[in-house]
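# Structure assessment
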Amino acid sequence: MSARNKPELLAPAGSMESLKAAVNNGCDAVYLGGKLFSARQYAGNFSLEELEEACDYCHLRGVKVYVTVNTLYKDEELKDFISFIGKLYKMGVDALILQDSGAAKMVRETYPDFPLHASTQMTANSLEDVRYWESLGFSKIVLSRELSLDEIQEITSESQAEIETFVHGALCVSYSGQCIMSSVLGGRSGNRGRCAQTCRLPYTLYKGQNKLQEGYLLSPKDIQTVSILPQLIEAGIASLKIEGRMKNPEYVAGVTGIYRKYIDLYFENPEHYEVSLEDMKTLTQLFNRGGFTEGYYTSAGGQDMMSVERPKTWGLKIGFVDSYLPKYNRVTIRTREPLVPGDGIEVWTSNGPHVGTSISKASKAGEVISLTLEGDIQKNDVVYRTYGKSLNDSLRKTWEKDTRKKSIWGLLKAKKGQPLVLQLWDMSGNNVYVTGDVVEEAENQPTPLEKIKQQAEKMGATSFLLESLELDVDSDIFVSIGALNQLRRSAVESLEEAILKKSKRPEIEASNKEETGKKPYILHKKLHALVSDFMQLDAIVGTKNLKVIYFEASAEMEKNLDSALELCRRFGVSLYAALPKVSRQWRKDIEEAMIERLKESGVDGFLVRSAGQFGMVKNSGKKITVDYTLNVINEEGVAFWKQQGADTVCLSVEANLQEINTMGDQDCEMVVYGYLPLMKTQQCPIGNYVGGKQGHFYCSERNNTELYFLRDRKGMKFPLMTDCESCVCTILNSKPLFTLKFYDEILESVTGSVRLDFTKEGAGRAARITKAYAEMTQDPKKISTETRNLLEEMRDKGNTKGHFFRGVE
């Protein structure tokens, strides 16, 4: 038997039916969202009444309820948000799953004893990230999906907070919380629960003009980890999370039941842990995208983790086409699985759309069946079962009768001349004592002991299972069946009330935040710039009115640090080290050593991209700018990071000007130029489809400087920017954010500084853009000929206003 504690099995619930499916198939906790404030706005979700019903249903059965409020909230939503949290607090929700640091600050201030879990949207990739959120009161941290088993084990052994990871279901191709692709391309923000799944669309990879690969290049297969559950348990993961709030109840039932079975199996008999082929087929039938992978637990990424052919569910392979007669639309199929009426099948044709039909006649595995079906069907085309009727029917039965019961124990006393007494209790400290009618001496036939016991034990449709009933009963008594039934009902109701009362909390009135009023516009802003290499820095450092340069921290940056510092000193520019966009546990020693050297160096400050990085440089004595990757989109978020010790907060690139003016102040910065990073991914398309990356870090194209890009269906080209030290790829937007054509409106705002982000620009172009912005930051009405030329050039080449005027849903 494992020395580890049995981990929590956490199941998704997008509807009440899915919740019951999860509970009745053995989960320890469910996570679900309200109609508002949830990261799955397209799931069914729960009204307030349904949330309370869900809480009561779960708590009566010993199951915990976590509510997802794991999106970013605009200032105008915060009043309703904290009111909503108050209702969750009162109804007894066990914990909140949060992303927004400002929202977390509000909850902590108003409901200090409400348990908080850090969402995977907080991008916790390292022990330092975990420790930072842990120090601020988060009791459970959901790690990024990209972490390996070794990294997770290192984190669990060194942190006090419980660690939760995803063990089954869909994988985001981007680091969670670091994707704005859906937002930038369609205005639907994944950070606000409205992801349009742009990563599941087809793309073509190019190197210069050469087409290299096409298909669903950004669509990962789903993960299953039932095959490696022992390793996950031994790694110290406290909560095993199934993805799927958008999935149907049958999916939730089937996946939850299988993981429950194998967690229990491992703890009963770890030496003989083996997953059956039938259970793997069930998981495959329920949902898969061309099979499963074990995710990043055992792989650093690669083409074998991607579902390039098709981004939707495939079903279970059940046979092959033996022959097809187009004249009669008659197909013959060699089966390898049994089929029943109501099953849905699909033939994967080589050309044209796949064709499908439903089965009307049962057949055994190995039988050859003949069907009427029209399409471009050929011999040996693969046939999948996309809907398994018997499986779905059997899964539906698992929750329709509420088979999950809470174990209780009882004592029945029936003494002559005394009231009937029924005492019920559970193992959680709930105990009730209920009295009924006075017991009479039997005049004729005494009530048989067995009859008394039988009536008292009937729990029927209640949420309880009476494990044993002790009797303390006189022999010559008469007790009516009605009296016993009434006593039992009263005791059950009292026990339910006792259990639910313990889970509820007293109402706390959230104090209304004072209106801050209109903030003054800061028309004369400081100009900051982020550079990717020394050539860009060298080209822009002498620009008049440039105040700060952020230099991406890398081996190249350290090599040129002395020269960079000398240039910056000469021109009166502050130099900040921009810490890695993704800090992973496997690079801990390298990055910690680099940060220590930078703390000792002459750099003036740090641009931090994660909470862990902030913790590492907080007491360095240098200035700190919190980057927009920490997703600050409200005034409370700004206040939070300033309380933590940030000098400058770069506001979310998903905010519009009105929102910026509500949350920002003189210590805030906004990005006004740059190819915005749509996502950061471990699944580098270059490595996956050109560089031979198969499960390991780095590929044959490492440090290649040639231009690769992805092209979508509309012909838009998205440049790929690789960080080959960290083995991370950033997909840039096809057009740069460019704001000079409406710069007067940008300058009429509350932030103290504006920022230019340079990525793939050459040194000369970076210099031209910086000079133009420097001129117009000083005086937007004074436009030089050179700047006019740049404006025309940018108009012709194409650019974007970003979210400054439209914002996000």
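Read on for a plain summary of the structure. (Residues numbered from 1 in each chain as written. Predicted model: local features only at pLDDT ≥ 70, side-chain atom pairs only at ≥ 80, totals over all residues. Heavy atoms only, no water.)

A tally of helices and strands in the chain yields 24 helices and 37 strands. If you line up the chain on its principal axes, its C-alpha atoms span 115 × 75 × 45 Å. For the chain, buried positions account for 58% of its 809 residues. Surface summary for the chain: the accessible area is close to 33100 Å², and the carbon and sulfur share equals 47%. (Helix = DSSP H or I, 4+ residues; strand = E, 2+ residues; numbered from the N terminus. Buried < 20%, exposed > 50% of the residue type's maximum accessible area, 1.4 Å probe, protein only. Areas by Shrake-Rupley, 256 points an atom, 1.4 Å probe, with all protein chains shown as cover.)

Together, Asp 437, Glu 440, Glu 441 and Glu 443 make up a region of like negative charge exposed at the surface. You can see Glu 441 is positioned in strand 22 (residues 440-441). (Patch = residues over 30% accessible without salt bridge, like charges linked within 9 Å, V, L, I, M, F, W, Y side chains within 5 Å. Salt bridge = Lys/Arg side-chain N within 4 Å of Asp/Glu carboxyl O. Lys, Arg positive; Asp, Glu negative; His and termini not counted. Charge placed at Lys NZ, Arg CZ, Asp CG, Glu CD.)

Bridge count between strand 8 (residues 203-207) and strand 9 (residues 210-215): five bridges; the pairing is antiparallel. Bridge pairing links Thr 204 to Glu 214 in strand 9. Counted along the chain from strand 8 to the antiparallel partner strand 9, the turn is two residues long, and its residue Gly 208 has a positive phi close to 60 degrees. (Pairing = 2+ DSSP bridges.)

Let us now look at the sheet that holds strand 32 (residues 677-681). The antiparallel open sheet is built from six strands, whose spatial order is 9-8-33-34-35-32. Each edge of the open sheet is held by one strand with a lone partner, namely strand 9 and strand 32. Along the sheet, successive strands turn relative to each other by an average axial angle of 25 degrees, direction set aside. Across four bridges, strand 32 lies against strand 35 (residues 728-732) in antiparallel orientation. (Axes fitted to C-alpha atoms, helices over the stretch in contact; angles between N-to-C directions.)

In this structure, Gln 536 sits in helix 14 (residues 534-540). For Gln 536, a relative accessible area of 0% gives the class buried. The residues touching Gln 536, leaving out its near neighbours within four places in the chain, are Val 531, Phe 758, Thr 759, Glu 761 and Ala 766. (Contact = heavy atoms within 4.5 Å.)

Under the counting rule described, the total for this entry stands at 30 aromatic pairs. Consider the rings of Trp 133 and Phe 138, whose centres lie 5.6 Å apart with planes at 75 degrees: the pair is edge-to-face. A single burial state applies to Trp 133 and to Phe 138, both of which are buried. With centroids separated by 5.2 Å and ring planes inclined at 10 degrees, the aromatic side chains of Tyr 206 and Phe 709 adopt a geometry described as stacked. Here the residue Tyr 206 occupies a position in strand 8, and Phe 709 occupies one in strand 33 (residues 708-711), the gap between them amounting to 503 residues. We classify Tyr 206 as buried; its relative accessible area is 13%. Take Phe 709: its relative accessible area is 7%, and that puts it in the buried class. By the ring-pair criterion, three or more aromatic residues cluster together here, those being Tyr 132, Trp 133, Phe 138, Phe 614, Phe 640 and Trp 641. (Phe/Tyr/Trp six-rings, centres within 6.5 Å; stacked < 30°, edge-to-face > 60°.)

With that settled, the discussion passes to the sheet that holds strand 16 (residues 355-358). Strands sit in the order 16-15-18-13-14-17 across an open sheet of six strands; the sheet is antiparallel. Two strands bound the open sheet, and with one partner strand each, they are strand 16 and strand 17 (368-372). Each strand of the sheet is rotated relative to its neighbour by a mean of 35 degrees, with strand direction disregarded. The sheet contact formed by strand 15 (residues 344-348) and strand 16 spans four bridges and is antiparallel. In the strand pairing of strand 16, Gly 344 is matched with Ser 358.

Where strand 19 (residues 406-414) and strand 23 (residues 464-473) come together, nine bridges link them in parallel fashion. In the sheet register, Gly 410 faces strand 23, and the bridge partner there is Leu 469. Of the strand pairs in this sheet, strand 19 and strand 20 (residues 419-425) are connected by five bridges, and their pairing is antiparallel. In the sheet register, Lys 413 faces strand 20, and the bridge partner there is Val 421. The hairpin formed by strand 19 and strand 20 contains four residues between the paired strands, and Gly 417 there has a positive phi angle of roughly 80 degrees.

Once that is clear, we can look at helix 11 (residues 389-400). Taking 1.5 Å per residue, 12 residues should reach 16 Å; helix 11 reaches 16 Å between its end C-alpha atoms and fits that length. Directly after helix 11, the chain includes Asp 402, whose backbone phi takes a positive value near 50 degrees. (Expected span 1.5 Å × (residues − 1).)

Enumeration according to the criterion identifies 56 salt bridges in this entry. The shortest N-O distance in the salt bridge between Arg 334 and Asp 322 comes to 2.8 Å. One end of the pair, Arg 334, is in strand 14 (residues 330-335); the other, Asp 322, is in strand 13 (residues 316-325), with 12 residues separating them in the sequence. One salt-bridge network, held together by shared partners, links Glu 552, Lys 581, Arg 609, Asp 627, Glu 669, Arg 755 and Asp 757.

So, on to the nonpolar core. Leu 19, Ile 85, Leu 96 and Trp 641 are the most contacted members of the largest nonpolar core, which totals 190 residues. Take this core: its biggest share by element is 10 residues, from helix 9 (residues 249-268). Not counting the four nearest positions on each side in its chain, Leu 96 is found in contact with Val 67, Val 69, Ile 85, Leu 88, Val 107, Phe 114, Pro 115, Leu 116 and His 117. Counting 27 residues, the second-largest nonpolar core is a separate cluster that includes Val 432, Val 439, Leu 469 and Leu 495. (Core = buried A, V, L, I, M, F, W, Y, C linked by side-chain atoms within 4.5 Å.)

Structurally, Glu 669 can be placed in strand 31 (residues 668-674). In terms of polar contacts, Glu 669 uses its side chain to reach the side chain of Arg 755, at 2.9 Å. Ignoring sequence-local partners within four residues, the contact set of Glu 669 consists of His 528, Tyr 550, Thr 625, Thr 648, Val 649, Cys 650, Leu 651, Thr 751, Ser 753 and Arg 755. (Polar contact = N/O pair within 3.5 Å; in protein donor to acceptor, adjacent residues only side chain to side chain.)

Further remarks concern the environment of Ala 553. Along the chain, the position of Ala 553 falls in the loop between strand 26 (546-552) and helix 15 (555-559). The class of Ala 553 is buried, set by a relative accessible area of 12%. On a C-alpha basis, the gap between Ala 553 and Met 594 in space is 8.5 Å, while along the polypeptide they are 41 residues apart. Not counting residues within four places of it along the chain, the set of residues in contact with Ala 553 comprises Ala 578, Leu 579, Met 594 and Leu 598.

Looking now at the packing of helix 12 (residues 449-457) against helix 13 (residues 481-503). Remark: helix 12 packs on helix 13, axes separated minimally by 8 Å, with the N-to-C direction vectors making an angle of 35 degrees. Relative to helix 13, the crossing made by helix 12 is right-handed. Facing helix 12, whose interface residues are Lys 451, Ile 452, Gln 455 and Ala 456, helix 13 presents Ile 481, Leu 484, Asn 485 and Arg 488. The residue inventory of the contact of helix 12 with helix 13, partitioned by class, reads four nonpolar, two polar and two charged. (Left-handed = near helix turned anticlockwise from the far one by under 90°. Nonpolar A, V, L, I, M, F, W, Y, C, P; charged D, E, K, R; others polar.)

With 23 residues, helix 13 extends 33 Å from end C-alpha to end C-alpha; this agrees with the ideal 33 Å at 1.5 Å per step. Among the residues of helix 13, those classed as buried are Ala 483, Leu 484, Asn 485, Leu 487, Arg 488, Ala 491, Val 492, Leu 495, Ile 499, Leu 500 and Ser 503. Packed against the buried residues of helix 13 are helix 2 (48-59), strand 19, strand 20, strand 21 (431-438), helix 12 and strand 23.

Another point: the environment of Tyr 689. Structurally, the position occupied by Tyr 689 is in helix 21 (residues 685-689). For Tyr 689, a relative accessible area of 11% gives the class buried. Through-space distance from the C-alpha of Tyr 689 to that of Gln 303 is 6.6 Å; in sequence the pair is 386 residues apart. Leaving out residues up to four positions away in the same chain, Tyr 689 has contacts with Leu 205, Gln 213, Leu 217, Gln 303, Met 306 and Val 308. At 2.9 Å, the side chain of Tyr 689 and the backbone oxygen of Leu 217 are in polar contact.

This part takes up unusual backbone geometry. A positive phi angle, close to 80 degrees, is found at Asn 545, a residue other than glycine. Judged by relative accessible area, Asn 545 falls into the partly exposed class, the value being 25%. Unlike most non-glycine residues, Asn 631 shows phi in positive territory, near 55 degrees. Take Asn 631: it is sitting in the loop between strand 29 (623-626) and helix 19 (635-644). Taking relative accessible area as the criterion, Asn 631 reaches 9% and is therefore assigned buried.

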